[in-house]
Structures are given as C-alpha cells and as structure tokens.
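Structure at a glance
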Amino acid sequence: MEFALSEAQRQMQDSLRSALTRACPLARVRDVADRGLARDDAVWAVVCELGVPALLVPEAHGGLGLSLLDAAIAAEELGRRAAPVPFLGSAVLATIALREAASAEQQAQWLPRIATGEAVVGVALCEALAGAGAGVQLRDERLHGSSCFVIDAAQAEAYLLAAADGSLYLVSAEAPGLHRVPLLSIDATRPLSELHLDGVVAQRLPGSDARTLRRLRDAAWVINAADTLGAGWAMIDQSVAFAHDRKQFGRAIGTFQAVKHMCAEMASELEITRAIVWYAAHAFDEKPEVLSLYAAHAKALLGDAGQFVARTATEVHGGMGITDDLGLHHWYKRIGLNRQLYGGPGWARRIAAVEQGWARI
Amino acid sequence: MDLRLNSKHEKLLERVRAFLVEHGHRSVPTIPGERPGPRLLAWQKLLLEHGYAGRTVPRDYGGYGAEPDVMEQHLITEEFTRAGVALGIGNQGISMLVPTLLELGTEEQKHAYIPATLRGDLVWCQGYSEPGAGSDLASLQTRGVEDGEDIVVNGQKIWTSTAHEADMIFCLVRTEPDAPKHAGISYLLFSMKSPGVTIRPLKTMTGRAEFNEVFFTDVRVPRHQIVGQRGDGWKVANATLKHERGYLANPGLLTQRYAELTRLLQDEGVDDPVLLDRLMQLQGRVLAQQCHGMRLLTCAERREDPGLAGLITKLQGCEVRHQLAILATDALEESGLLVAGSPHARANGLWQERAMFDLGLIIGGGTAQIQKNIIAERGLGMPREPKAAV
Ligand SMILES: Cc1cc2nc3c(=O)[nH]c(=O)nc-3n(C[C@H](O)[C@H](O)[C@H](O)COP(=O)(O)OP(=O)(O)OC[C@H]3O[C@@H](n4cnc5c(N)ncnc54)[C@H](O)[C@@H]3O)c2cc1C
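Note that the structure is predicted; figures quoted are calculated from it, not measured.

**Quick word on a nonpolar patch on the surface**
On the surface, Met205, Leu359 and Ile363 of chain B cluster together into a nonpolar patch covering about 300 Å² of accessible area. With respect to the secondary-structure elements, Leu359 of chain B resides in helix H11 (residues 350-363).

See the structure below:
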C-alpha cells in the first residue's frame, strides 16, 4: 500500500507551483477583479501550456488521460494563487460528463478543443443538484427555463446543463433563445452567470442519468475542497510571514502566543484534511462505491476549515487584513465560493447521512 | 496512490482474521490503572506466541522477532480494533518503556526488563511530572546524588498513572544541578518497592484513583540503572514521549468509538437533525484522521519525516475522541447524567466516564496548548517566545 502522491504527481505539483508563482502574482488577480474580466489571458495561456485543461481528457482525444487526483493537485495549486481561470466547469465537470455520457461525435467535437484550452464549456448544475425542481426542462425537443450560478460561462462556446432527472444537455452559447446574465459574486476570480432559455435547441448526452449527475457533484466537491486546501495554505503562509515581520511592543507579533496559536490552529485544522481530499479523489477513479461519502465529507470539512482559516488569517494581519491593498481578501472570497457552491457544509453532511441511511433528503 | 495490499500483507490479514475467529472471544481489555489479572496474562501470552504482541521485539528479549514492517502492525491493529478485540496489554511499560529500551538501553537492561514487561508480569509507571514541573518538564527538581555505586533519589512526582499497582518506575531525576536545565537530567529505572518510596493515590473526577503522588526519601538506585548516559535523560525522555503521542492518537480507536456511538444512537432511536449533523461532523473528522493515519504510515515506511502532518495528530486525535463521548452524553439527554449502578443508566454510565477520562488525555502527554506551541515553532518555524526575565 502506498498512500502518497506518485513521483510524477509531485513533479506536476512542483512545476505548476513554480509556474503559477511567476505567472499569477497578486497584480493579475487584482486586475481581473478590478476590471471585471472573465479570466486572465496570460495566466490562462500558462495553464494551458502546462496541460491543465487536458488532465482529464482521454489520450485518444488529445488529452493526458489522468485521474481526478491529478486534477485535485492542479486545483490546489490554482487555489494557492487564486488563479483567475476557468477550471472546475470546463476542464473537470464538462470533461467528465463528455467522457462518461456523450456520444462518439460529441466527444470528438469537444474534447480535443477543451484539452488545448481553445474551447471552454460553461456548466449549469445548481438546480438539478439541489433537487429543487426548478432549472431547465425539455419540451418539444427544446430547453426551457433558467439556471443560476453557472460556472465558467463568460467565455464559453457552449453550456452543459442538467435537468432535474439527471439528463445532461449541450447547448451552443450562440443559440437563439439563450440569454446570459452575469452575476456579481464575492469571488471575482471565478465569475458566475445566470442563463435564461426560451426554447433553445439542445443535444442530450445520450448516456447521462442520475448517476452521472451524482458523479459530477462528487467531483465538484472534491475539486472545491482541493482548491480551498491550496488557498488556505496560501493564507497561512502569508500569516506566518507577516507574524515574523510585523513588530509591536518591541517584538515580532509571531512571538506572542495568541498569534502563534491562531497559526497553529489554522495549520492543524487544514492539514488534517489533506489525506481525505486525496482519498476522495482517488475513490472517484478506483473506489466509486465510497466516493459520495468521502467527497461529501471532504467538501464539508474543507468548507468549515477553509472558513476558519480565511477569517483567522485575516485577523492575524490586523487592520491590514481587511484592506484591498493587502489583497488577502481575494483568497477569503475564493474560499467562500468553494464553501457555498453546490451546497455548503451542512448540505454535504446531509448527503453523507442520506448515503448511509441515517436520513432522507 | 495504491491502496492495494501486497501478497505478504494479504496473507497476514487472512491469518489475523482466522486467529480472531478462533480466539477472539478470549480477549480481555486492559483497565487503566489496574494490574493485569490471570485471564489478561493468558491472553497476552497467546498474542506473544502468534506475534500479535511484541511483534518486532527480538526473540532474545521475549518478542516474536518479526522484521519491522509498519504496514503489518497497522493491519493487525486495524483488524483487532474492527473486531472489537483487545490487542493485549496496553500500558506505559509496553507502549513507552520497551521501545525506549530497545533504542537506548544496555544489553543487561533489555534482558532484565523487556521479556517480563511484554508478558505483563512487570508493571511500570512513568515518573516525569512534578508539582513544579508539568508542561515545563525540564524544570524538574527531584534530585539524584551519587553516593558510591548508587544514586540517592529525593523528591516528589505527581500524576503518576498506575504507580499504586506498579513494580517499577522509569523516572527523571536531576543529577547535575549546575548544568543547564535540559542537560542535567538522568533517566533512572528502579523498583517501587525500594525503601523510601511512598505512594499516595489521587482520586480523579471519574471517581477512580488512576494516578498518584509518589515521594522519594533517600531511595538508593544502582548506577547501572541509568538508561543512556548520565545527564542525557532529556533525550531519552523525548524518545518515550514520541511513542506516547503516537499511542494516544490511534485512529483505529477513533473508528471503533465512532461505530459504538452510531450503535448507541440507533438503539436510542435518535433522529434529531441537529444531533445527526454533529454525528456527521465527527464522522468526517474520524474518516479524515483514518486517511491521515495512512498518509503517516506511508511516510514511516519510506522513512520520510512527515513534518507538520506528524505534529498535529495528538491534538486532533484526542479532541475528536473527547467530542465523540460528549455527543453520546448529549444524545442520551437526562439519562446521559446517570453513572454506573444507577437505575436507568445507559451503557453503565460509560460515556460520561469516557468524556471525563478523555479530557485527561487532552491534558496528559503534553497539553493541547503545548502541542500548539510545537506546531507553531517546529511545524511553521515561528519565532520562540523571548526568555522571561528572571
Ligand atoms: C490522565 C493523565 C495521566 C497522566 N499520567 C502521567 C504519568 O503517568 N506520568 C507523568 O509523569 N505524568 C503524567 N501526567 C501528567 C501530564 O504530563 C501533565 O499533566 C501535563 O504535562 C501538564 O502539566 P501540568 O498538569 O503541570 O499542567 P501545567 O503545565 O501547570 O499547565 C496548566 C495550564 O497551563 C498551560 N500552559 C503551561 N505552559 C504553557 C505554555 N508554555 N504555553 C501555553 N500554555 C501553557 C497548559 O496548557 C494548561 O492549560 C498525566 C496527566 C493526566 C491528565
């Protein structure tokens, strides 16, 4: 048994980390936030060059054919730099949906272009995952309704939408009857949109069903958790560095035990979750029977640990912590989105309880 | 990530399972603070013969003599825990002193003490803490003064678990009063029946006397009873503490406690959504620690230093263990107040007792606050506190 990243995975982690440290300094994040851009093109170019959108695309379609654990490693590094690029929607969820439920033509049409980063596919799952009955329905072979909190939408060529029964549909972003409304959320690094559909021509992914939708949810939970792991560690590292530099009462504030314990608690609460994120990601490919349980717990644990780290790291910085100048708030907000999207910790735990027969939805 | 077992480990697992089916019913748990009785001694003997106790201790010292293999040890612990079967005697002699002697003891010390300790015939207590030296252990004042071939010990220890039942003590004494605080300590082994040893039990909040005060008046200990070099006791003690912290944060035990807790909630028909959410929170933490344990296991196999990941386990493990007991007592509502022997008591008052006992584990073996100091300073490289002006 080996419970660790492989040598290749460690190398990928290192090269992503150093490339993103160079390519995605705070200035890039701030620029995207201030100008309300969908993504940073320079960072996106680096990410594509490193093969990030190709990770989950099968080799037959020009991808790397790797596992969700590899995608989670990438997510951690993107979170660490709060990288303003599409990832979860296009490179993870749309890719998995196409891989697992699309026809050969649909795969051939989209997967090679997703892998290079040429095409981005937005993803609309919120209503279907909440089981709320809202969202989109197919009538007369066309989609009607609306979907909120759509991710990776701003520069998408197409959207993947889920109906309540788990059926997945692809629609062109140019299709008549489709109307996109940008939403303004706290996290400027991954903008959200709303889609309105009034009789839009749609292609069903023929193999899609409730099980596909569950796997998409679980994959999203794992990737959100991994993103928080990276973003949280970035906040801790910055806090520790600040505690060395900042002096009050004639000494570095890091010598004050109250400050030290804030940092120790952040590190302890966050690092204890790393292994379950790995395990849940591994389960996606190797142990599907326990995936939902572990993904739900990973999402809930990181939702809570992330929130704790985000506020505590801000506190360590004193007044500076809440300034736009320092920019730490971009990570606070990134962690906030990871926590809320596709259900907060309480909802994820409820799903875990349902999985084990402890509760009904 | 490769979670498959190799064929050697698969075979071991089969043997362990067969053993548990055949012999599991004979297992006897260790009761903290009590000497092992005849049934527990017999169970321990069976485990030693099969290599489920003292597995990697060389045969010369009464062990089973298997090659060290952390995965094997993990599988054995996990299977026993899953089956609810006690893994033989769990006391401070076996979990802390034996590994320390194997690492740092003389041949004579190993032969004299390891076999009898493993069998359960020799019971030890840990004499570290003093009234004036708890978290600041290195400030201990119990004196050891050389006199001919002996060291003469005077002073007092406190919180000494099992001292009232123990045959021997592994004890820290200051032998070099003029050396710097950490450099003047020696690690001594001596009999609790030695003239000049007095024991006063201390009753704890559980109502039992789990630990004691121990007084030394001119206790004579031969010099060859020092482990390691004279004055090197701090290093030796730290070897012991490392073993203690690993022992206190056994994720298998958390899994077992969690399973017991879910059975309790099922039996009581608990369906309150708030309690259920708390149960799921704890399940998440238990599963996370199980995965964390596997991560550390792989580090140990590869002889990699887990760094910060290793420093957080005692803090995390003891906290969750306590929270599991607290949730059980909450779920039992008023019945959760009832202690052993009371009408209407559930599970014989076990969960209240655990909540209190497990609180002691958060404090013992290095308090939660001391763990946080260690995480911050050693794990995160934060600056030390300036020395207080004397
Ligand atoms: C159940 C149990 C069994 C034990 N068994 C044994 C045994 O067999 N043998 C043995 O030798 N000892 C034993 N101990 C003692 C144990 O190791 C000590 O209780 C422990 O190290 C704390 O020391 P103290 O009790 O003197 O508390 P103190 O050190 O006085 O601590 C009191 C409070 O101050 C805090 N504090 C102290 N120093 C610092 C600091 N630098 N920074 C922040 N906070 C600080 C502590 O965290 C704690 O909250 C046992 C304890 C318990 C609870």
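**Quick word on the interface of chain A and chain B**
Between chain A and chain B, the residue contacts involve 45 residues of the former and 48 residues of the latter. When the area that chain A buries against chain B is broken down by residue, the three leading residues are Met1, Ile272 and Trp358 of chain A, summing to 21%. At the surface where chain A touches chain B, the tally comes to seven salt bridges. For Arg295 of chain B, the salt bridge is made with Glu271 of chain A, and the minimal N-O distance between the two is 2.8 Å. Seen at the junction of chain A and chain B, the total is 19 residue pairs in polar contact (both at pLDDT 80 or more). Among the elements of the structure, helix H8 (210-245), helix H9 (257-271), helix H10 (274-286), helix H11 (288-316) and helix H13 (345-355) of chain A are those that each provide at least two residues to the side of chain A that touches chain B. With eleven residues, the top contributor of residues to the side of chain A that touches chain B is H9 of chain A. Looking at the side of chain A that touches chain B, its residues break down into 25 nonpolar, ten polar and ten charged.

**Regarding the nonpolar core**
With 224 residues, the main nonpolar core has Leu93 and Tyr342 of chain A as its most contacted residues. Element by element, the count of residues in this core is highest for H8 of chain A, at 17 residues. By size, the runner-up hydrophobic cluster in this structure holds 18 residues, among which are Ala163, Ala166, Val173 and Phe190 of chain B.

**Focus: the site of the ligand**
Around the ligand lies a shell of 19 residues, among which Gln257 of chain A together with Gln126, Ser135, Trp159 and Thr367 of chain B are the nearest. Around the ligand, the nearby residues trace back to chains A and B. Gln126 of chain B places a main-chain nitrogen or oxygen 2.7 Å from a nitrogen atom of the ligand. Within the side chain of Ser135 of chain B, one N or O atom sits 2.6 Å away from an oxygen atom of the ligand. When the free accessible area of the ligand is taken as 970 Å², the share hidden by the protein chains comes to 67%. Of the residues contributing to the shell around the ligand, the split by class is five nonpolar, 14 polar and no charged.

**Things to note about the domain arrangement of chain A**
How big an interface is tends to be expressed through the accessible area that disappears when the partners come together. Residue and element names in this part refer to chain A. Parsing chain A into structural domains produces domain 1 (7-116), domain 2 (121-204) and domain 3 (210-355). Between domain 1 and domain 2, the C-alpha centre-to-centre distance is 21 Å. When the two sides are added together, the surface that domain 1 and domain 2 hide from each other amounts to roughly 1,500 Å², 62% of it contributed by carbon and sulfur. Summed over the shared surface of domain 1 and domain 2, the number is one salt bridge. One salt bridge connects Glu157 with Arg113, and the closest N-O pair in it is separated by 2.6 Å. Between the two partners, domain 1 and domain 2, sit eight residue pairs in polar contact (both at pLDDT 80 or more). Elements with a contribution of two residues or more to the side of domain 1 that touches domain 2: helix H2 (26-35), helix H5 (88-101) and helix H6 (104-116). Sort the elements by how many residues they give to the side of domain 1 that touches domain 2 and H5 lands first, with seven residues. Looking at the side of domain 1 that touches domain 2 residue by residue, the class counts come to 18 nonpolar, four polar and two charged.

Criteria and cut-off values
- Within each chain, residues carry numbers counting from 1 in the order of the written sequence.
- For this description, chains carry letters from A and ligands carry numbers from 1, given in the order in which they are written.
- Side-chain atom pairs in this predicted model are given and counted only at pLDDT of 80 or more, local residue features only at pLDDT of at least 70, and totals for whole chains, interfaces and linings cover all residues.
- Water and hydrogen atoms play no part in the side-chain values, which are based on all heavy atoms of the structure.
- Patch membership requires more than 30% relative accessible area and the absence of a salt bridge. Residues of like charge join within 9 Å; the nonpolar side chains Val, Leu, Ile, Met, Phe, Trp and Tyr join within 5 Å.
- Computed with the Shrake-Rupley method and a 1.4 Å probe, the accessible areas treat only the protein chains shown as cover for residues.
- Salt bridge, as used here, is a side-chain nitrogen of Lys or Arg placed within 4 Å of a carboxyl oxygen of Asp or Glu.
- Helix and strand labels come from DSSP, where a helix needs a run of H or I of at least four residues and a strand needs a run of E of at least two; each type is numbered from the N terminus.
- Should any heavy atoms of two residues lie within 4.5 Å, those residues are counted as being in contact.
- Buried area, as used here, totals the accessible surface that two parts lose on assembly, with accessibility defined by a 1.4 Å probe and the loss added over both.
- Within 3.5 Å is the distance limit for a polar contact, defined as a pair of N or O atoms, with the added protein rule that one can donate a hydrogen and the other accept it, and that residues adjacent in sequence qualify only through two side-chain atoms.
- Residues are sorted three ways: Asp, Glu, Lys and Arg are charged, Ala, Val, Leu, Ile, Met, Phe, Trp, Tyr, Cys and Pro are nonpolar, and all the rest, Gly among them, are polar.
- Nonpolar cores are built from buried Ala, Val, Leu, Ile, Met, Phe, Trp, Tyr and Cys residues. Side-chain atoms within 4.5 Å join them into one set.
- Throughout, exposure labels follow a simple rule: accessible area from a 1.4 Å probe, protein chains only, divided by the maximum for the residue type, with under 20% read as buried, over 50% as exposed, and the rest as partly exposed.
- What makes a residue near a molecule or strand is one non-hydrogen atom of that residue sitting within 4 Å of it.
- Throughout the structure description, domain borders are defined by an automatic or database domain assignment.

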